[in-house]
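Report on the structure
Given next are the chains, with one letter for each unit.
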Amino acid sequence: MDIKTKIQGYTEEINAFNASSAEEIEAFRLRFLVNKGIVRSLFEEFKTVSTEEKRELGQVLNVFKQLAESKHKSLLEQIADNSDKAGGSTQDLTLPGKGLELGSRHPLSLVRKEIVGIFNKMGFIVAEGPEIEDDWHNFSALNFPEEHPARDMQDTFFIEKKEGNDIALRTHTSSVQVRMMENGKPPFRAIMPGRVYRNEAISARAHCFFHQVEGLYVDEDVSFADLKQTLFHFVQELYGEDTKVRFRPSYFPFTEPSAEMDISCTICKGAGCTLCKWSGWVEILGCGMVDPNVLENCGIDSKKYSGFAFGMGIERITNLKYVIKDLRLFSENDIRFLRQFETETI
Ligand code: PHE
């Protein structure tokens, strides 16, 4: 039988078709409209006819396809109509309503907001910069010497090689400090929240991206005492007044002297637990006095001005607040995890 005759036969069948139940309509759909149904198989067969025939047949076939589809649609409408008329609405009005679900903030957003709030009250403004940075802003201006192993401290995702100024994903938001100092005049008092990237294998304890809040304070006569008091106040606001701090000497190319700050363990309060590995202390940030070279690189007179800087990972601060042991939870979008945090209030 050629395609045309077949189409004629099916057209008659469709025109005569009537359904009184949803099952019958479904049978119609399965016969004509699914992937292995008649319409599809006719199109397959159509591929085998001569170009000559295709011209005429193509149109006939399309009309047929539309007929099958519109019949199916009208059958559905008809049955919906009938059940309405019979008083049998398809909607069961006795079913309980669906509750309106409120979103909840991501734990990292909550903690970032809290950190920003505390520094805002101390007069720090928020500064932002690009996540795709050049070598100058991410490294060189920050006193990372060329070929110095300090660059390896931060495994970098390079994007593009450029003569003397490679393009990379920023490894810290210190780059924003450089941009701020280059483009303005002291005093500066700002924090830089943002996402940063490092080439690390993803595990419970490391990720290839995370979030930081860095801070910068540059003015005349800024001293290490200012740094200590600012960070001490921050920690007390964030974790409570009984939280203790201690500073350990450290090294960063862009600060001199440099330190790492520990706080008394938020879980055991210093008594010793698995979180603080029985030491009673946990490290939360790096800090130091801005190296005069960095100030000069940004066009600031290091004889007149001094400053301090600090940087912390929001994930780490959040872990200590909510005791989250696996970093991957932050980026997996598991609703069961995310729902546990503050509900958005309208
Ligand atoms: N930029 C450092 C880091 O990402 C943190 C830091 C900032 C340390 C400012 C000291 C001063 O590890």
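Fair warning: this is a prediction, and the values are worked out from it, not measured in the lab. (Residues numbered from 1 in each chain as written. Predicted model: local features only at pLDDT ≥ 70, side-chain atom pairs only at ≥ 80, totals over all residues. Heavy atoms only, no water.)

Look at helix H5 (residues 107–121) against helix H10 (residues 314–322): their axes get within 9 Å of each other, and the N-to-C directions meet at 100°. Considered as vectors, H5 and H10 are oriented roughly perpendicular to each other. The residues of H10 that touch H5, namely those facing Pro-107, Leu-108, Leu-110, Val-111, Arg-112, Glu-114 and Ile-115, are Ile-314, Glu-315, Ile-317, Thr-318, Lys-321 and Tyr-322. Looking at the contact of H5 with H10, its residues break down into eight nonpolar, one polar and four charged. (Axes fitted to C-alpha atoms, helices over the stretch in contact; angles between N-to-C directions. Helix = DSSP H or I, 4+ residues; strand = E, 2+ residues; numbered from the N terminus. Parallel < 35°, antiparallel > 145°, perpendicular 65-115°, else oblique. Contact = heavy atoms within 4.5 Å. Nonpolar A, V, L, I, M, F, W, Y, C, P; charged D, E, K, R; others polar.)

It is worth spelling out the UniProt feature "binding site: Mg(2+)" (unreviewed entry) in the protein at this point. The UniProt record marks Glu-256 with the feature "binding site: Mg(2+)" (unreviewed entry), using the residue numbering of this structure. Mapped onto the secondary structure, Glu-256 falls in strand S8 (residues 255–264). (UniProt positions renumbered as here; feature names shortened; annotations may be inferred.)

For the largest pocket, the calculated volume is near 1,300 Å³. What lines the largest pocket is a set of 44 residues, among which Arg-205, Phe-210, Glu-283, Gly-313 and Arg-316 lie closest to the centre. Among the elements that line the lining of the largest pocket, the one with the most residues is strand S9 (residues 281–290), at eight residues. (1 Å grid on protein atoms, 1.4 Å probe; cavity = no way out; pocket = protein on both sides within 12 Å on 5 of 7 lines; lining within 4 Å. Points joined across faces, edges and corners; volume = space filled by probe spheres on them.)

Now for the site of the ligand. Taken together, the neighbourhood of the ligand is formed by 14 residues, with His-172, Ser-174, Arg-198, Gln-212 and Glu-214 sitting nearest. A distance of 3.0 Å is found between a nitrogen atom of the ligand and a side-chain nitrogen or oxygen belonging to His-172. The protein chains hide 92% of the 320 Å² of surface that the ligand would expose on its own. Spatially, the ligand is embedded in the largest pocket. At the level of elements, strand S6 (209–219), S9 and strand S10 (306–313) are the ones that each hand at least two residues to the shell around the ligand. Per-element accounting of the shell around the ligand gives the leading share, three residues, to S10. When the residues that make up the shell around the ligand are grouped by side-chain class, the tally is five nonpolar, seven polar and two charged. (Near = heavy atom within 4 Å. Polar contact = N/O pair within 3.5 Å; in protein donor to acceptor, adjacent residues only side chain to side chain. Areas by Shrake-Rupley, 256 points an atom, 1.4 Å probe, with all protein chains shown as cover. Sits in = over half its atoms within 2 Å of the grid points.)

Before going further, it helps to examine the sheet that holds S6. For sheets, the rule is that strands pair by backbone hydrogen bonds, running either parallel or antiparallel. Reading across from one edge, S1-S5-S6-S10-S9-S8-S7 is the order of the seven strands in this open sheet, with mixed pairing throughout. In the strand order of this sheet, the two ends are held by strand S1 (125–126) and strand S7 (245–252), each with one partner. Inspection of the sheet shows S6 paired to S10 by eight bridges, in the antiparallel sense. By the bridge assignment, Gln-212 is partnered in S10 with Gly-313. (Pairing = 2+ DSSP bridges.)

Now for the packing of aromatic side chains. On inspection of all chains with the given rule, the structure shows 20 aromatic pairs. With 5.1 Å between their ring centres and 20° between their planes, Phe-119 and Phe-310 make a pair best called stacked. In this pair, Phe-119 is assigned in helix H5 and Phe-310 in strand S10, connecting sequence segments 191 residues apart. Overall, the relative accessible area of 0% leaves Phe-119 in the buried class. Judged by its relative accessible area of 2%, Phe-310 is buried. Within the aromatic cluster, the residues linked to one another by ring pairs are Phe-119, Phe-124, Tyr-217, Phe-234, Phe-308 and Phe-310. Taking NZ or CZ as reference, Arg-195 lies 4.3 Å from the ring centre of Phe-209, over its face. (Phe/Tyr/Trp six-rings, centres within 6.5 Å; stacked < 30°, edge-to-face > 60°. Buried < 20%, exposed > 50% of the residue type's maximum accessible area, 1.4 Å probe, protein only. Lys NZ or Arg CZ within 6 Å of the ring centre and 35° of its normal.)

Another point: the pattern of salt bridges. Note on pairing: side chains with opposite charge can pair once their charged atoms come close. All told, the structure shown has 15 salt bridges when counted by the stated rule. In this structure, Lys-47 engages Glu-44 in a salt bridge whose closest nitrogen and oxygen atoms are separated by 3.3 Å. Residue class for Glu-44 comes out partly exposed when judged on its relative accessible area of 39%. Here Lys-161 ties to Asp-166 by a salt bridge, and the two come within 3.0 Å at their closest N and O atoms. The exposure class of Lys-161 is exposed, given its relative accessible area of 72%. Taking the relative accessible area as the measure of exposure, Asp-166 reaches 14% and is therefore buried. Beyond isolated ion pairs, a larger network of salt bridges with shared partners links Arg-246, Arg-248, Glu-260, Asp-262 and Glu-283. (Salt bridge = Lys/Arg side-chain N within 4 Å of Asp/Glu carboxyl O.)

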